[in-house]
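Here is how the chains run, residue by residue.
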Amino acid sequence: WLLALGIDPSTVAATGGAGGLALGLAAQNVVSNGVAALILLATTPCKVGDEIETGEPDLRMSGVVKEIGWNATTLTKENGDLIYVPNKVMLETPLAVTER
């Protein structure tokens, strides 16, 4: 029926394949952060209300854990600013609980 409409089926297949690959690559971070959230909640290295420090040595982030969401953990800095740390970063970098 595609040929009847003047559409080459191989073009549709190639476009669908490329679109599927792009969607898969885009969803990769969402899925990895969601899995990381489940691990954070299950292992509880930190919980809401804990003061923590995390991140790479050249990019340290610290604050009080406000929320552990599906995609990111929200920290509140001393001045009230919010920091959104991807859950994958929370698992892959050193995390220090400085106050419970």
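The structure we're discussing is the one just above.
Throughout what follows, the structure given in this document is the object of discussion. (Residues numbered from 1 in each chain as written. Predicted model: local features only at pLDDT ≥ 70, side-chain atom pairs only at ≥ 80, totals over all residues. Heavy atoms only, no water.)

1. Quick word on the nonpolar core
- Formed by L40, C46, I52, M61, V65, I68, L75, I83, V85 and M90, the largest nonpolar core amounts to 10 residues.
- For this core, the secondary-structure elements that each account for two or more residues are β2 (59-68) and β4 (82-86).
- Among the elements that take part in this core, β2 stands out by supplying three residues, more than any other.
- Contact partners of L75, with chain neighbours within four places excluded, come to I52, S62, G63, V64, V65, K66, D81, L82, I83 and V85. (Core = buried A, V, L, I, M, F, W, Y, C linked by side-chain atoms within 4.5 Å. Buried < 20%, exposed > 50% of the residue type's maximum accessible area, 1.4 Å probe, protein only. Helix = DSSP H or I, 4+ residues; strand = E, 2+ residues; numbered from the N terminus. Contact = heavy atoms within 4.5 Å.)

2. Overview of the sheet that holds β2
- If you walk across this open sheet you meet the five strands as β4-β3-β2-β1-β5, and the pairing is antiparallel. Only two strands of the sheet have a single neighbouring strand rather than two, namely β4 and β5 (95-99). Strand-to-strand twist across the sheet, computed as the mean angle between neighbouring axes with direction ignored, equals 45°.
- Both strand β1 (residues 51-56) and β5 contribute to a ladder of four bridges, which runs antiparallel. Within β5, the residue paired with E53 across the bridge is A96. (Pairing = 2+ DSSP bridges. Axes fitted to C-alpha atoms, helices over the stretch in contact; angles between N-to-C directions.)

3. Focus: the pairing of β4
- Side chains I83 and V85 project from β4 onto a buried face, and the interleaved L82, Y84 and P86 project onto a face without burial.
- With five bridges joining them, strand β3 (residues 72-76) and β4 adopt antiparallel strand pairing. Opposite L75, over in β4, you have I83 as the bridge partner.
- Here β3 folds back onto β4, and the loop between the two strands holds five residues, one of which, G80, carries a positive phi near 95°.

4. Notes on a nonpolar patch on the surface
- Taken together, V31, V35, I39 and L91 make up a surface patch of nonpolar side chains, about 310 Å² in accessible area.
- By residue number, the principal contributor to the nonpolar patch is helix α1 (residues 9-43), which donates three residues. (Patch = residues over 30% accessible without salt bridge, like charges linked within 9 Å, V, L, I, M, F, W, Y side chains within 5 Å. Areas by Shrake-Rupley, 256 points an atom, 1.4 Å probe, with all protein chains shown as cover. Salt bridge = Lys/Arg side-chain N within 4 Å of Asp/Glu carboxyl O.)

5. Some remarks on the pattern of salt bridges
- Enumeration over the complete set of coordinates arrives at two salt bridges.
- Salt-bridge contacts for K47 lead to D50; the nearest nitrogen and oxygen are separated by 3.4 Å.
- Between R60 and E53 there is a salt bridge whose closest N-O contact spans 3.3 Å.
- Judged by its relative accessible area of 30%, E53 is partly exposed.

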